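Notes for the structure review
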Amino acid sequence: MSLAQHQLKLVVNQSPEVLERVLRVVRHRGYKIDQLNWQHEDGELILTVSSQRALHLLTNQLAKLVDVKDVTELNMMQTSKSA
Amino acid sequence: MRGADLLVSYLKQEGITTVFGYPGGAIMPVYDALYDGGLKHVLCRHEQGAAFSALGYARASGKVGVCIATSGPGATNLITGLADAYMDSVPIVAITGQVTSAVIGTDAFQEMDVLGLSLACTKHSFMVTDKDELANVLQQAFTVAKSGRPGPVLVDIPKDIQLAEVEAALTISTKDPITQYDDERLEAAKQLLANAKQPILYVGGGVGMANAVDELQGFVDATGIPSVTTLKGIGAIPNSKPYALGMLGMHGTKAANLCVHECDLLVVIGARFDDRVTGRLESFASNARVLHIDIDPAEINKLRQSDVSLCGDLKDILPALTTTLSIHEWQQYCRDLKVQYNWNYDAPYRSIYAPKLLNQLSEKLPSNAVVSCDVGQHQMWVAQHMNFTRPENHLSSSGLGTMGFGLPAAIGARHARGRQDPVVVVSGDGSFMMNVQELGTIKREQLNVKIVLIDNQRLGMVRQWQQLFFEERYSETILTDNPDFVTLASAFNIQARTITMQADVAPALDEMINSNGAFLLHVRINEADNVWPLVPPGASNADMMEKV
Ligand SMILES: Cc1ncc(C[n+]2csc(CCOP(=O)(O)OP(=O)(O)O)c2C)c(N)n1
Ligand SMILES: [Mg+2]
C-alpha cells in the first residue's frame, strides 16, 4: 500500500500546550509528520503528514480538539514509496 | 474572594452538591474553602476512588461529577479514572492543585506535569495561569464536559491562584457541537429505512448520554425494528420489548449476533464499532447497508463506511426519523431466535451458578435499583442475566474495562440517587481488592451499599482465556490465598455472610436486600464456570463457542 502525503492547515488557539495536543493526536492516530511550520502569532500550523490511513481519520480527530478552530487540506500528493 | 472560594461558589452555581476528593499540600486552600463552603465533600480513600465515584455519580444522575486531588501523586492517581471516563464519554470535571506558579518547571516537591499527562485521557484540560481567568476556565470546563460528546475535563490550579484575590469575570466562548445533517440527509435515511427488509438497530451508550432513551423507545415502538445493544447501551431498550435481542458482541446473545450477521440495514445509534462488539470487522453485518447516527463526527466512517450518516443530537434526530415499516417476517424471525436462544436456568444446581444468582437478584430488585459492577466474568454475567430498564441503572466500565471500578462507582451512585433507589455492587474477588480501601468511605459515610462478591478464587476472565487459548497454563490467575472477605467487611463495620450452595441463594439475597445499611454477600462459586457464549478472538460473531 502506498503512503499518501497530505498538507494540512490548522488554525488553533494560542494555548501553550496546543502543539503538543495536535502532535499527540497525529502520532497516536497513525500519521507521520514530514514537515511542520508554526506561526505562534497567527495560531497557524501547517503540517505535512503521511500515512496509509485515510486522511479523514486524522482531520476528524483534529477538528474535535477544543483548541482547534479550523482544519483545511491544502493539497495532496501520492508518493511512490511503499510502506 | 480567594480563588479557592471562587471555585467552591462556582461549583454550587453549577448545581453541584457533592464532590469527591482527597486533600494534600497543593490543594489546601481549596480544602480550606470546602471546610465551611456548603458543599458536601466525600473523602474517598484513594484518588482513583474519587475519580470513579465522580464517574459513578455522573453516570447514575446524568449530571457532571466532580473530583478533587492534590498535585503530583494525587493527580497521577486520578488518571485511570479520567481514562475510563474518556473511553465511556462521561462528563466529569477533575480539579487538581498544582505547585505555586513561580516554581513550576523546577521539579518542586510534588510537582508533576499534569497538563501533559492529561492530554491523552481527557476531552480537554486547562492549567490556570492568570488568576482573573479562573472563573472563565471553570465555566468552560463544565461546558466542554457536558456539550456534544461528553467527556472528562481537568483543571489544574496552582496554589498561588487558589490563594489570590480574584475577580469573577465571565466571558465565555466554546465550540458549538457540530451538526451535520439536513433535510436531504434525513430523507436519504428514511429511504434506507423504507427499503430495508431486515433492519437492525445497534444501540450504544450514546443514547443514554444524550438523554434520548424516551426518543429511542418511541422510535422502536413505531418502527418495530429489532434491536441489539452494546455493553454501555444496556437499559436503553428493555429486554422485555418483543424484538429486543440483548447485548451483541464477544459475550452477546446468539440471537443478537446472528440477527446482526443477517441484517440488510444496520442502524447505528450512538455506538462506535468497538472490536469487542464487532468481532472480525470484515464479517460484521457484511451484507448490510449502514445508517450511522452519532453526535461525534469522528465516529462516522472511522471503522465502517456508512451509506448515510446523521451527525447531531439523538434527541432531535430520532423523532425526525420515526416512520412505520412492514417487516413482519423479519420481526418474527428475530423473535424466534430470541426465544430459541433464551437463557436457561433450569438445570438442578447444587453449588452456586452465578448467572442464575444474578438473575434471581435482578428479579428481587426494583427497577430503580442501580447495579455497578467490576470487570471480568461477573461483569459479563451481570450484562447477560440482569435486566435493566434505564442505562443509568447499569454502571460498567465498558471501553476501558477497568478492574476496581465497581465499588467507588457505586459510592458515587449512592450519593447521586435518592434513598429509595437501592445501590448494589457486583464485584469479583480480583477486582474487589483493587479499590478495597473504599470500604473505608462506606464506613465513614454510613452508606447503604450492597455488595455481591462473586468469588471463584481466580482472575476468572483471564483464567478462561488461558484455558481456551493458552493451553491451560494458568499463569498468575489463581487466588486461593484470598483474604477472608467476611472478616475484612467486619473490620469496616459491614455486615457480611458467605454462601456456597444454591439453596442458600434466595434467603441470602433477601437478607441482604432487607438489611439496614451496607452488606457484603460473599458468594463462593466453582472456579471452572465460564462465560458463554463467546466469540473467539479474530472470529466472526456468527461463529460463537458455547462450551469448552
Ligand atoms: C486494572 C486492570 N488490570 C487488569 C485487567 C485484566 N483483567 C480483566 S478481567 C481480569 C480478572 C478479573 O478477576 P475478578 O475480578 O475476580 O473477576 P472474574 O473474572 O473472576 O469474575 C483481569 C485481570 C483489567 N481489566 N483491569
Ligand atoms: Mg474472580
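In what follows, the accompanying structure is described.

Parameters at a glance
- Residues numbered from 1 in each chain as written.
- Chains lettered and ligands numbered in written order.
- Predicted model: local features only at pLDDT ≥ 70, side-chain atom pairs only at ≥ 80, totals over all residues.
- Heavy atoms only, no water.
- Near = heavy atom within 4 Å.
- Polar contact = N/O pair within 3.5 Å; in protein donor to acceptor, adjacent residues only side chain to side chain.
- Helix = DSSP H or I, 4+ residues; strand = E, 2+ residues; numbered from the N terminus.
- Nonpolar A, V, L, I, M, F, W, Y, C, P; charged D, E, K, R; others polar.
- 1 Å grid on protein atoms, 1.4 Å probe; cavity = no way out; pocket = protein on both sides within 12 Å on 5 of 7 lines; lining within 4 Å.
- Points joined across faces, edges and corners; volume = space filled by probe spheres on them.
- Domains from an automatic or database assignment.
- Core = buried A, V, L, I, M, F, W, Y, C linked by side-chain atoms within 4.5 Å.
- Buried < 20%, exposed > 50% of the residue type's maximum accessible area, 1.4 Å probe, protein only.
- Contact = heavy atoms within 4.5 Å.

Attention now moves to the site of ligand 1. Residue and element names in this part refer to chain B. In the vicinity of ligand 1 lie 17 residues, with Gln377, Gly401, Gly430, Ser431 and Gly460 positioned nearest. A distance of 2.9 Å separates an oxygen atom of ligand 1 from a polar side-chain atom of His378. The contact in question runs from an oxygen atom of ligand 1 to an N or O atom on the backbone of Gly430, over 2.8 Å. Of all the secondary-structure elements, those providing two or more residues to the shell around ligand 1 are α16 (377-385), α18 (429-432) and α20 (460-469). Its residues placed into classes, the shell around ligand 1 shows six nonpolar, nine polar and two charged.

Here we come to the layout of surface pockets. Quantified by volume, the second largest pocket comes out at close to 1200 Å³. If you go around the second largest pocket, you meet 41 residues; those closest to its centre are Arg29, Gln61 and Lys64 of chain A together with Tyr86 and Asp296 of chain B. When contributions to the lining of the second largest pocket are tallied by element, the ones reaching two or more residues are α1 (18-28) and α2 (55-64) of chain A together with α4 (73-87) of chain B. Tallied by class, the residues present in the lining of the second largest pocket amount to 17 nonpolar, 10 polar and 14 charged. Residue-level mapping places the lining of the second largest pocket at the junction of two domains, with at least three residues from each of domain 1 (3-163) and domain 2 (183-340) of chain B.

Before going further, it helps to spend a moment on the nonpolar core. Ranked by internal contacts, the top residues of the largest apolar core, which has 53 residues, are Ile200, Tyr202, Leu266, Leu291 and Leu321 of chain B. Within the second largest apolar cluster, 47 residues are counted, among which are Val42, Leu55, Val90 and Val436 of chain B.

Now for the environment of Ala518 of chain B. All names here are of chain B. Position of Ala518 relative to the elements: it lies in the loop between α22 (502-514) and β18 (519-524). Relative accessible area serves as the criterion here: at 12%, Ala518 is assigned to the buried category. Taking the C-alpha atoms as reference points, Ala518 and Gln420, separated by 98 residues in sequence, lie 15 Å from one another. Ala518 has contacts with Ile442, Leu447, Asn448, Val449, Ile494 and Gln495, leaving out every residue within four places of it along the chain.

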